[in-house]
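# Structural overview
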There are 2 protein chains.
Amino acid sequence: MIETPYLLFLGDAPDALAAKVAQGIKDWRPDNCVGQFRMEGCKADLKLPDMDLAEAKAAGAKTLVIGVANRGGVISKAWKKVLIAALEEGFDLASGLHNLLRDEPDLVAVAEATGRSLHDVRVPEVDYPIANGEPRKGKRVLAVGTDCSVGKMYTALALDASLKKKGLKSSFRATGQTGILITGEGVPLDAVIADFMAGSIEWLTPDNDEDHWDVIEGQGSLFHVSYSGVTLALIHGGQPDALILCHEPTRSHMRGLPGYTLPSLEDLRDMALALAKVANPACKVVGISINTQHMSDAEATRYCEEVEARLGFPTVDPFRHGADRLADALAEV
Amino acid sequence: MIETPYLLFLGDAPDALAAKVAQGIKDWRPDNCVGQFRMEGCKADLKLPDMDLAEAKAAGAKTLVIGVANRGGVISKAWKKVLIAALEEGFDLASGLHNLLRDEPDLVAVAEATGRSLHDVRVPEVDYPIANGEPRKGKRVLAVGTDCSVGKMYTALALDASLKKKGLKSSFRATGQTGILITGEGVPLDAVIADFMAGSIEWLTPDNDEDHWDVIEGQGSLFHVSYSGVTLALIHGGQPDALILCHEPTRSHMRGLPGYTLPSLEDLRDMALALAKVANPACKVVGISINTQHMSDAEATRYCEEVEARLGFPTVDPFRHGADRLADALAEV
């Protein structure tokens, strides 16, 4: 569990895209963000107050979160200076970088000397159990995709926000690095040992109030041969009561797999539902989330209407249209 | 890669079952076994020559393989004495035990001093790639099960033996501890990091002669919620051209999951084939392997005939009937 609130470190981000993790945290958990720390030459701007370490400390920040991708997989000397100063000022550090904070001897030494924590959210820090398959109290909804990177995390975060806005009980359950940094906790599923994948998701979504929704972040796709096993573990460990189908209609092939075409939404519905029913025979598909970022407003509306007529489920792009219709659909489950 | 031939260490096995790993090695790779090492009180007997370390060394043995389960997950002092002597005599050690050889400081020290290797086959020793899904040359067959522990490894080993007997090119590809000890190499799939599962199976079954069969050991089951993700990674990483369905008909529930009933062979056929076709659209189900250990000969024959009539695939218990009919079915692929 990462201590909040955060000071978001944007470093020397060459553009806004390089700081997309920080942007996600600010978009979805603005209350967790006291300010941004930008170095000279930083081209990203979250429109948060610019703060140095002392100002952020005074404003209550507990953790400096690296919200920016580093170039070439190396933590630069310029960054290092800030990170060490942050530890010395009493901040914990949190990072989703591929190269780990814990592999940097100078950071480890200062963290030990100051009693601060280094959170590498790519690395599991829990000994997860093997899944036991037993039913749990409370409700769970999972976003599944025709492909990787079609908007499953965004859909889950938007659905969680919409449920909360309606006064319903909901928890976003992060299963990837960005999601974990946004919420401060979760399971880095892609880094879990095979035998414990499903168990880690049972651990993440334990017994809860009968009227509480766990909104589980999806990973991969049943149809993406590189990561499908991760997706199935998520379906069987999560025991969802409800599935949201996610799709990006303009893609010509599966992400990173030029030889593979995308399945249809019907294929996804049938396959995901059949597999989900193994763990939860009552599971239903309740809605569809379309990522229409490469379409005009008119095209997006037409496409969603066409899909809704064809498959019979509420169909929206949560970014354009909000997720309220998906949240409403959960009320029926 | 574990050096052969082996001296099989049976320790103080309380019964034959405790030495079932050693039994598997002896049954399937008798040429790899120069003898057995039994301690006082050992109740298992593989009918191999009893040898001490010096005799086995003289007979050419390179590796002492721990072919017996230890009690209480502890490597006892009595075992340790033998293992250290073996290292000193120039043997490598290989083990599939949960508690690792490499976690025993005295074994590590002696192995370093003598230049010998400690093989813990539960632990991956390769940095596997992420699967790229590209088609590979050669043929692949995978055993998939309605449940865990229904005879998938036995089926694959019997099929490999039958193909070889017919003069065909075949390699058994191990994906679990016992299989790895039997063949001396493989992927301990249940211990691989989630993101690399499918890639590890691509690595295990690379390009080969067009008329060569990789006979891939199955793991778990698509219908077993604890391990289904491992199974799907195996299906998508293995890109099988052929599937063998495996079933044990007398089981009342999924192994370790009292609340879960087994799927039918028809359910397994449909689900496994649909998922396999994502990676290899030409994949076919070619045969069925029934584990009839809890049936009489007459019951077993009747059951296999009934299944064969119902599903239309050659159906055998490889243990009772041999795997030749399954091997013949591969000739059609």
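Note that the coordinates shown come from a computational prediction; the quantities given were computed from them, not determined experimentally.

## Some remarks on the UniProt feature "domain: D-glutamate N-acetyltransferase-like N-terminal" (unreviewed entry) in chain A
- Residues annotated in UniProt with the feature "domain: D-glutamate N-acetyltransferase-like N-terminal" (unreviewed entry) correspond here to residues 39-124 of chain A.
- In the segment residues 39-124 of chain A, helix accounts for 34% and strand for 13%; the C-alpha atoms at its two ends are 30 Å apart.

## Considerations on the environment of Glu3 of chain B
All names here are of chain B.
- Among the structural elements, Glu3 can be located in the segment before strand 1 (6-11).
- The spacing of Glu3 and Ala86 is 83 residues in sequence and 14 Å in space, taken between C-alpha atoms.
- Setting aside anything within four residues of it in sequence, one finds Glu3 in contact with Lys62, Thr63, Asp92 and Arg116.

## Some details on the side chain of Thr292 of chain B
- Following the sequence through the fold, Thr292 of chain B ends up in the loop between strand 10 (284-290) and helix 10 (297-311).
- Dropping the residues within four chain positions of it, Thr292 of chain B is found in contact with Ala300, Cys304, Asp317 and Arg320 of chain B.

## Some details on the sheet that holds strand 10 of chain B
Residue and element names in this part refer to chain B.
- Taken together, the 6 strands give an open sheet; going across it, the order is 7-8-6-9-10-11, and neighbouring strands pair in parallel fashion. This sheet does not close on itself; its edge strands, each paired only once, are strand 7 (169-173) and strand 11 (315-316).
- Relative to strand 11, strand 10 is paired through 2 bridges, and the arrangement is parallel. Across the sheet, residue Ser289 finds its bridge partner in strand 11, namely Val316.
- The strands touched by helix 8 (residues 228-238) are strand 6 (139-145) and strand 8 (212-216); relative to strand 6, the strand with the most contacts, the crossing angle is about 165 degrees.

## Looking at the sheet that holds strand 5 (residues 118-120) of chain B
Residues and elements named next belong to chain B.
- In spatial order, the strands read 2-1-3-4-5; together these 5 strands make up an open sheet with parallel pairing. Each of the sheet's edge strands pairs with one partner strand only, and the pair in question is strand 2 (33-38) and strand 5. The sheet shows a mean angle of 20 degrees between the axes of neighbouring strands, direction not considered.
- As judged from the 4 bridges shared by strand 1 and strand 3 (residues 63-66), these two strands associate in the parallel manner. The residue of strand 3 that forms the bridge with Leu7 is Leu64.

## A few points about the packing of aromatic side chains
- For the structure shown, the criterion picks out 10 aromatic pairs over all chains.
- Judged by centre distance (5.2 Å) and plane angle (90 degrees), the ring pair of Phe9 of chain A and Trp79 of chain A falls under edge-to-face. Placement of Phe9 of chain A in strand 1 (residues 6-11) and of Trp79 of chain A in helix 3 (residues 77-89) is noted, with a sequence separation of 70 residues between them. For the pair Phe9 of chain A and Trp79 of chain A, a shared accessibility class is recorded, and that class is buried.
- For the ring pair Trp28 of chain B and Tyr154 of chain B, a centre distance of 5.1 Å and an interplane angle of 80 degrees mean the geometry is edge-to-face. Taken together, the residues Trp28 of chain B in helix 1 (residues 20-28) and Tyr154 of chain B in helix 5 (residues 152-165) connect sequence positions 126 residues apart.
- Residue classification places Trp28 of chain B among the buried positions, given a relative accessible area of 18%.
- Take Tyr154 of chain B: its relative accessible area is 29%, and that puts it in the partly exposed class.
- Joined through ring pairs, the aromatic side chains of Phe9, Phe37 and Trp79 of chain A make up one cluster.
- Above the face of the Phe91 of chain A ring, Lys57 of chain A is positioned so that its terminal group lies 5.1 Å from the ring centre.

## Details of the relation of the copies chain A and chain B
- In screw terms, the move from chain A to chain B is a rotation of 180 degrees and a rise of 0.0 Å along the axis, fitting with an RMSD of 0.1 Å. Look at the turn and shift together and you get a two-fold axis relating the two.
- Mapped onto chain B, 100% of the interface residues of chain A are again interface residues, and the two copies thus contact each other with one and the same surface.

## Comments concerning the pattern of salt bridges
- All chains considered together, the criterion is met by 44 salt bridges over all chains.
- The residue Arg269 of chain A makes a salt bridge to Asp270 of chain A at a minimum N-O spacing of 2.9 Å.
- Exposure remark for Asp270 of chain A: the relative accessible area of 45% places this residue in the partly exposed category.
- Its salt-bridge partner being Glu306 of chain B, residue Arg310 of chain B comes within 3.0 Å of it at the nearest N-O pair. Taken together, the positions of Arg310 of chain B and Glu306 of chain B, both in helix 10 and 4 residues apart, correspond to about one turn of that helix.
- Residue Arg310 of chain B is classed as partly exposed on the basis of its relative accessible area of 41%.
- Within the structure, one salt-bridge network assembled from shared partners comprises Arg29, Asp160 and Lys164 of chain A.

How each quantity is defined
Residues numbered from 1 in each chain as written. Chains lettered and ligands numbered in written order. Predicted model: local features only at pLDDT ≥ 70, side-chain atom pairs only at ≥ 80, totals over all residues. Heavy atoms only, no water. UniProt positions renumbered as here; feature names shortened; annotations may be inferred. Helix = DSSP H or I, 4+ residues; strand = E, 2+ residues; numbered from the N terminus. Contact = heavy atoms within 4.5 Å. Pairing = 2+ DSSP bridges. Axes fitted to C-alpha atoms, helices over the stretch in contact; angles between N-to-C directions. Phe/Tyr/Trp six-rings, centres within 6.5 Å; stacked < 30°, edge-to-face > 60°. Buried < 20%, exposed > 50% of the residue type's maximum accessible area, 1.4 Å probe, protein only. Lys NZ or Arg CZ within 6 Å of the ring centre and 35° of its normal. Least-squares fit on C-alpha atoms with pLDDT ≥ 70 in both. Salt bridge = Lys/Arg side-chain N within 4 Å of Asp/Glu carboxyl O.

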